[in-house]
There are 4 protein chains.
Amino acid sequence: MIRVVVAGASGYSGGELLRILAGHPEVEIGRLAAGEQAGKRLAGVHPRFRGTELGERVLAESDWNALGEGADVAFLALPHGHAITAAPRLLAQGCRVIDIGADFRLRDPQQYTRWYGLEHSAVDLLHEAVYGLPEVFRPRIAEARLVANPGCYPTAAALALLPLLPHAADEAIVVDAKSGVSGAGRKASLEYAFSEIDESLRPYGVLSHRHTPEIAQTLAFAGAPRQVVFTPHLIPMIRGLLATCYVRLEEEPEDLQALYSERYRGEPFVTVLGPDELPVTGSLRGVNRCEVAVRYDAENRLAVAFGALDNLVKGAAGQAVQNMNLMFGVDERTGLEAAPTGS
Amino acid sequence: MIRVVVAGASGYSGGELLRILAGHPEVEIGRLAAGEQAGKRLAGVHPRFRGTELGERVLAESDWNALGEGADVAFLALPHGHAITAAPRLLAQGCRVIDIGADFRLRDPQQYTRWYGLEHSAVDLLHEAVYGLPEVFRPRIAEARLVANPGCYPTAAALALLPLLPHAADEAIVVDAKSGVSGAGRKASLEYAFSEIDESLRPYGVLSHRHTPEIAQTLAFAGAPRQVVFTPHLIPMIRGLLATCYVRLEEEPEDLQALYSERYRGEPFVTVLGPDELPVTGSLRGVNRCEVAVRYDAENRLAVAFGALDNLVKGAAGQAVQNMNLMFGVDERTGLEAAPTGS
Amino acid sequence: MIRVVVAGASGYSGGELLRILAGHPEVEIGRLAAGEQAGKRLAGVHPRFRGTELGERVLAESDWNALGEGADVAFLALPHGHAITAAPRLLAQGCRVIDIGADFRLRDPQQYTRWYGLEHSAVDLLHEAVYGLPEVFRPRIAEARLVANPGCYPTAAALALLPLLPHAADEAIVVDAKSGVSGAGRKASLEYAFSEIDESLRPYGVLSHRHTPEIAQTLAFAGAPRQVVFTPHLIPMIRGLLATCYVRLEEEPEDLQALYSERYRGEPFVTVLGPDELPVTGSLRGVNRCEVAVRYDAENRLAVAFGALDNLVKGAAGQAVQNMNLMFGVDERTGLEAAPTGS
Amino acid sequence: MIRVVVAGASGYSGGELLRILAGHPEVEIGRLAAGEQAGKRLAGVHPRFRGTELGERVLAESDWNALGEGADVAFLALPHGHAITAAPRLLAQGCRVIDIGADFRLRDPQQYTRWYGLEHSAVDLLHEAVYGLPEVFRPRIAEARLVANPGCYPTAAALALLPLLPHAADEAIVVDAKSGVSGAGRKASLEYAFSEIDESLRPYGVLSHRHTPEIAQTLAFAGAPRQVVFTPHLIPMIRGLLATCYVRLEEEPEDLQALYSERYRGEPFVTVLGPDELPVTGSLRGVNRCEVAVRYDAENRLAVAFGALDNLVKGAAGQAVQNMNLMFGVDERTGLEAAPTGS
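Only a predicted model underlies this, so the values are computations on that prediction, with no experimental measurement involved.

**Observations concerning the overall build of chain A**
(1) Moving on: Assigned secondary structure in chain A consists of 11 helices and 14 strands.
(2) Moving on: Residues classed as buried in chain A amount to 67% of the 343 residues present.
(3) Moving on: Of the contacts formed within chain A by residues at least 6 apart in sequence, a portion of 70% connects residues at least 24 apart.
(4) Moving on: Accessible area of chain A: about 11100 Å², with a carbon and sulfur share of 46%.
(5) Moving on: Between the centroid of the 32 positive side chains of chain A and the centroid of its 42 negative side chains there is a distance of 5 Å.

Laid out in structure tokens, this is it:
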């Protein structure tokens, strides 16, 4: 059994992680830590755990020097900045770390400072951390002590774009993305109040969103450094994310559909849609799966590639469990195969 | 022209009030005051006023000693407790007051203390205030210096119940009500976050909601003192409110449908639905109208009465303007006749 | 392994049933039948099954003389009227039947005719059928050849009311219920179009809804025949159902909270909420659980009882699987224990 | 007074048109025609007109030889194909025509046939019709007998792009658009059922949507013929539309913000947002206004331009009334100045 602890159990990613871990046959759930909500029952914070044993667990304080004791792995589902402090201490306790937050994703500490406004005080770990996108880094994840779980937008964009990159012209790639509101985290805020969000949509963070350098970094990792023009939009739904990507091709590959099918052959959590299918985010609700689809405008040599997922699952907690499975030599699918409830 | 000032312009009721006042031909909009948002442009707080002159107005501090100067009437759209301080000062400036909040609704200061947890320090005004339900108190409203604008639930319940009261058995009346989220006000709060509200409903304030004594008081005003068992529910929509009321009758009146039609004949803002119609809250969006309907279960001598309205309009700002029209001798319909946009 | 077949696989209950069966370790899924959608891939009808083996299955025609061959049990998720024809033929093939529809719920064929407008042509089966509410009929369900799976409203109302019945005064019980839209089934219809439903709520079927006699029948089964005044409301959400019930008590029991806890002690799928908790339907999304809560107004001797569930799970497909488990001697919880995704 | 008649009064655009016309001081509303709904009261079809005189009007059959008699102008809010028959007959009755549908938008009948799958049997009128985008064709609209009211996407895209066109590089322009569901029209359809749409988003009509040639035609009208790569997405909201447009510039203009402000100076229904504002579609609900905003990525010489509107108002019925005002010499703002209710 893999003994896990969870920090940030009271947030949306934390709750979703616990839902998945609760059904994972190789996992033993240890301490659950929280910030302001410490001291409450899990079910008091997430009513969906009412009536379950897990729901009666009391959330502990986030004591980084104790949380990892006796654990094999700690999941961190924290606002940015906190994992920089927590990760080194947990690792020192002999506990591997999967950071669902943003602190170890950007390889370059100066980039971190530029986009997150903080000095990065654990640069060695930044270099050691493995970017947890299994479809690219599977072998390295298996060996990692510290995994930086990708952001929701970067996961969808990367999986949509990867097969195209060898054919992409050397110009900026446009990623126009749409996300449900849970991606913004769980917090008291007028901005995300129901009456501000429902029956309305809006762009935000235009040309300034923190996932921009993360997407660009993944493209570079994959051998195709490109500028990224990224426009996220907030959609009146809780979960679900779609990245619509526009890529000019150097020359048209013979068969784009086949290119995608080959690239993702055998991938358990990427579904390549057929030429008469397009993603529907609601159908991915609760499931660790990314749907990708591609269309081609020959006249303009422009490919339109789609990546869709549940931002809390393949875009956060599900992918984190997928990474855990890889790190502990368990079948990658374990605990992640329940059929989705749909929207 | 009626010179109006508005306190609480940054909230949902305040914004809706300004929308209505902006289209009112007899009104000149004066100072707009706010709390924390003071200093901002109105359009910065309510983006729907972008591109309009009103939107460029800057929200003033809530200085109760100055706000009313030169004004004919002040609208107060404030959290409870604040109008107790504000109203006397505004009245002292010769300005009439329409309080959209709860401070002057309950005649009995002890009831106020019991339900709102505050001493009422303006008891004389409490006795002077007129309860602003035009369908019951029209003549007194016309003369009032201080109008206590009814709550959203009490308006819907009262209008649903009034025709039945002379026939109601002497037992508790059940009011099972459902409301959109804007009724809770505009504030940073996890409880009303989109991801907590959408695709979910819940009862709240069961047997303890502050509108309970207000509904009971209206029944008593109307000559039928009854206990009220009130259960409000929070619905995943921004606006709209429905009160479903269950009333045992002493004896069946000859024709309930006719009873309703007669009671509301000539009422400009109450629509009695026919025997083959039921309310649809979305159809009332943005409009100062209450729809009422009644059905009868003869076997159990139980009437089921419905009252539906837009909680921000006939349940708040629209009714406040209706009251203003009465107070200033303007046709009651003025500024309130635009057709609704629907949901 | 239990060999199951499903008729009505293309609807909402059918899809939810397949989601649950796909994760059930004792089940082997056989033929899937549909009406108009016959001939399509399951994933073409329910995109959430894309990327799964089950999704590639082709929906068969609904041939009642062949569907049951070699199967242990057939689930029928059909519009009313169809199971009257299907059930006898399936039983004749040696296949037990769980009817998620309404055809075998009302014991009295005249009641069926009155409320559903059809003659019942399988009256013998009507008398044989067991009403599949495990919390009342568990032993008989285990032996049944034909189970009539309860309606969504009747399940929520019955579970909310059962503990109170021995104490209920002999007068009509009011059930004011609120449901998401999926309860109306999956069909092309303007009435349930997004633009007609979102941001709006409405009562429907007032004093005439078909679940009225079914609720009354359950009360009678439980030894407390009472009239039921039932008012359902349509809520702008896909799933989730709440029954708010008002019951006058003959005399107050000592401790209502304890009464509920005792009645449901050991029940795996009923959660009695504590005195500081109220149901939140979204927290039950996708899970086979009913939450009940009770409050008491001593002055009026009126209990307010709540029953909440996911109308497609404990209100339909989940309860059907619970019944199947009972019928085949499998632990009742099997396949029904995944934690909910929440809303 | 302008005497108007309306065909297609039972649809979403038709209903919205009637809402606006009902508040228009220079309009006298004549016959209302419908298809299948003919014979019903307007309020029976659109409950938001309950309690109004207009709501009691009975919808007439769509008799094109009689509808225009005595009318100054007919609005057609019909599915494509119908106006080709209706418009010539109405014009023959001396009645001017504003077609809210698509039949007279594309100048080239072969384009019409290619995208709409029909022969165009009124080619002369196609050449005569004026494209009703006042911000481009104001003088010609004033003189027109037949106005082709623009589509919702083309209006938003055109207004977002117009100021940039003189600076746009000669390559395809990407328009990634998002729309509420009412844009698909009012019809019984599973595709737009609440349970299929809520909590989900999806692209549709990728590289094949009928608004593609209409957008391209407007760019050509404006002197900048460009290919258009258009990707619409369906969003879980009733109303609201956003076009996010990506345009490579030949060279950077000095001040993009000023460019927009100058282009739209004096335009009553286009609001240029400031550098710290972005569109929020909900704030435009019910109002005839398009918000545009622009951002610039200097490194890639790529402008990101936004156009937002209410698809039923500035994207349909509101713009139609704006065109009517121009055609009849009434101030363009008449009847279109109510403040929005917000979402």
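**Structural notes on the sheet that holds strand E10 (residues 241–248) of chain D**
Residue and element names in this part refer to chain D.
(1) Moving on: Within the open sheet, the seven strands sit side by side as E8-E9-E7-E10-E13-E12-E11. Their pairing is mixed. Where the open sheet ends on each side, the last strands, each with one partner, are strand E8 (202–203) and strand E11 (270–272).
(2) Moving on: Against the sheet, helix H10 (residues 256–263) contacts E11, strand E12 (290–297) and strand E13 (302–309), and its axis sits at roughly 155° relative to E12.

**Topic: helix H4 (residues 109–116) of chain B**
Each turn of an α-helix holds 3.6 residues, which means side chains three or four residues apart point in the same direction.
All names here are of chain B.
(1) Moving on: Restricting attention to buried positions, one finds in H4 the residues Tyr 112, Trp 115 and Tyr 116. For H4, the arc enclosing every buried residue in end-on projection is 80°, short of the 170-degree limit, so these residues lie on one face. Within H4, the exposed residues directed more than 90 degrees away from the buried face are Gln 110 and Arg 114.
(2) Moving on: A side-chain oxygen of the first residue of H4 lies 2.8 Å from the backbone nitrogen of Gln 110; this N-cap is Asp 108.
(3) Moving on: Positive backbone phi, at 75°, marks Gly 117, one or two positions downstream of H4.

**Comments concerning the interface of chain A and chain D**
(1) Moving on: Facing 44 residues of chain A, the contacting portion of chain D comprises 43 residues.
(2) Moving on: Of the roughly 3600 Å² buried between chain A and chain D on both sides combined, carbon and sulfur atoms contribute 61%.
(3) Moving on: Among the residues chain A hides against chain D, the three largest losses belong to Glu 199, Leu 201 and Tyr 246 of chain A. Together they make up 18% of the total.
(4) Moving on: In this assembly, chain A and chain D are joined by four salt bridges.
(5) Moving on: Note that Asp 176 of chain A and Lys 178 of chain D form a salt bridge whose closest N and O atoms lie 2.9 Å from each other.
(6) Moving on: At the boundary of chain A with chain D, the tally comes to 20 residue pairs in polar contact (both at pLDDT 80 or more).
(7) Moving on: Elements with a contribution of two residues or more to the side of chain A that touches chain D: strand E8 (173–179), strand E9 (202–203), strand E10 (228–234), strand E11 (241–248), strand E13 (290–297) and strand E14 (302–309) of chain A.
(8) Moving on: Residue classes in the side of chain A that touches chain D are distributed as 22 nonpolar, 10 polar and 12 charged.

**Notes on the interface of chain C and chain B**
(1) Moving on: In this assembly, 44 residues from chain C lie in contact with 44 residues from chain B.
(2) Moving on: A combined buried area of about 3600 Å² lies between chain C and chain B, and 61% of that area is made up of carbon and sulfur atoms.
(3) Moving on: For chain C, the biggest contributors to the area lost against chain B are Glu 199, Leu 201 and Tyr 246 of chain C; these three give 18% of the whole.
(4) Moving on: Summed over the shared surface of chain C and chain B, the number is four salt bridges.
(5) Moving on: Inspection of the region where chain C meets chain B yields 20 residue pairs in polar contact (both at pLDDT 80 or more).
(6) Moving on: Looking at the side of chain C that touches chain B, the elements with two or more residues in it are strand E8 (173–179), strand E9 (202–203), strand E10 (228–234), strand E11 (241–248), strand E13 (290–297) and strand E14 (302–309) of chain C.

**Quick notes on the pairing of E11 of chain C**
Residue and element names in this part refer to chain C.
(1) Moving on: Summarising burial for E11: eight of the eight residues are buried, a large majority.
(2) Moving on: In E11, alternate side chains face the same way, and those of Leu 241, Ala 243, Cys 245 and Val 247 on one face and Leu 242, Thr 244, Tyr 246 and Arg 248 on the other are all buried.
(3) Moving on: Pairing analysis gives six bridges linking E8 to E11, with the strands arranged antiparallel. Its bridge partner lying in E11, Asp 176 is registered against Thr 244.
(4) Moving on: Here E11 runs beside E14; their pairing, made up of eight bridges, is antiparallel. Across the sheet, the residue bridging to Leu 242 is Ala 308, located in E14.

**Here's the deal with the relation of the copies chain A and chain D**
Turning one copy of the chain about an axis and sliding it along that axis gives the other copy, so a rotation and a shift relate them.
(1) Moving on: When chain A is fitted to chain D, the best match, at an RMSD of 0.0 Å, comes from turning it 180° and sliding it 0.0 Å along the axis. On the angle and the small slide along the axis, the relation comes out as a two-fold axis. Across chain A, the smallest distance between a C-alpha and the rotation axis is recorded for Pro 236 of chain A, namely 3.3 Å.
(2) Moving on: Residue by residue, 98% of the interface of chain A is reproduced at the interface of chain D, so both copies engage with the same surface.

**A closer look at the relation of the copies chain C and chain B**
(1) Moving on: The transformation that overlays chain C on chain B combines an axial shift of 0.0 Å with a rotation of 180°, and the residual RMSD is 0.0 Å.
(2) Moving on: Taken as a fraction of all interface residues of chain C, those also at the interface in chain B reach 100%, which identifies the copy contact as same-surface.

What counts, and where the lines are drawn
- All residue numbers refer to position in the chain's written sequence, counted from 1.
- Chains carry letters and ligands carry numbers; both start at the beginning, A for chains and 1 for ligands, and go up in the order they are written.
- Totals for whole chains, interfaces and linings use every residue, but because this is a predicted model, local features are given only for residues with pLDDT of at least 70 and side-chain atom pairs only at 80 or more, for both listing and counting.
- The basis for the side-chain values is all heavy atoms of the structure; hydrogens and waters are excluded.
- Put simply, DSSP marks the helices as runs of H or I at least four residues long and the strands as runs of E at least two long, and each gets a number from the N terminus on.
- Accessible area is worked out with a 1.4 Å probe on protein chains only. A residue is then buried under 20% of its type maximum, exposed over 50%, and partly exposed in between.
- Residue contacts are defined here by distance: any two heavy atoms, one from each residue, within 4.5 Å place the two residues in contact.
- The Shrake-Rupley method, run with a 1.4 Å probe, gives the accessible areas here. Residue values count only the displayed protein chains as cover.
- In this tally, Lys and Arg are treated as positive and Asp and Glu as negative; His is ignored, and so are the chain termini.
- Taken as the charge centre is NZ of Lys, CZ of Arg, CG of Asp or CD of Glu, depending on the residue.
- By this definition, two strands are paired if DSSP reports at least two bridges between them.
- Here an angle of 0 to 180 degrees is reported between the N-to-C directions of two axes, which are lines fitted to C-alpha atoms, with helices fitted over the stretch in contact.
- By definition, the arc is the one covered by directions from the helix axis to the C-beta atoms.
- Pairs of N or O atoms are called polar contacts if they sit within 3.5 Å, as long as, within protein, a hydrogen donor faces a hydrogen acceptor (for residues adjacent in sequence, only side-chain-to-side-chain pairs).
- Each of two parts loses accessible area, computed with a 1.4 Å probe, when they are put together; buried area is these two losses added.
- Between Lys or Arg on one side and Asp or Glu on the other, a salt bridge is scored when a side-chain nitrogen of the former is within 4 Å of a carboxyl oxygen of the latter.
- All residues other than Ala, Val, Leu, Ile, Met, Phe, Trp, Tyr, Cys, Pro, Asp, Glu, Lys and Arg, Gly among them, are scored as polar; the first ten of these are nonpolar and the last four charged.
- Superposition of the copies used a least-squares fit over C-alpha atoms from residues whose pLDDT is at least 70 in both.

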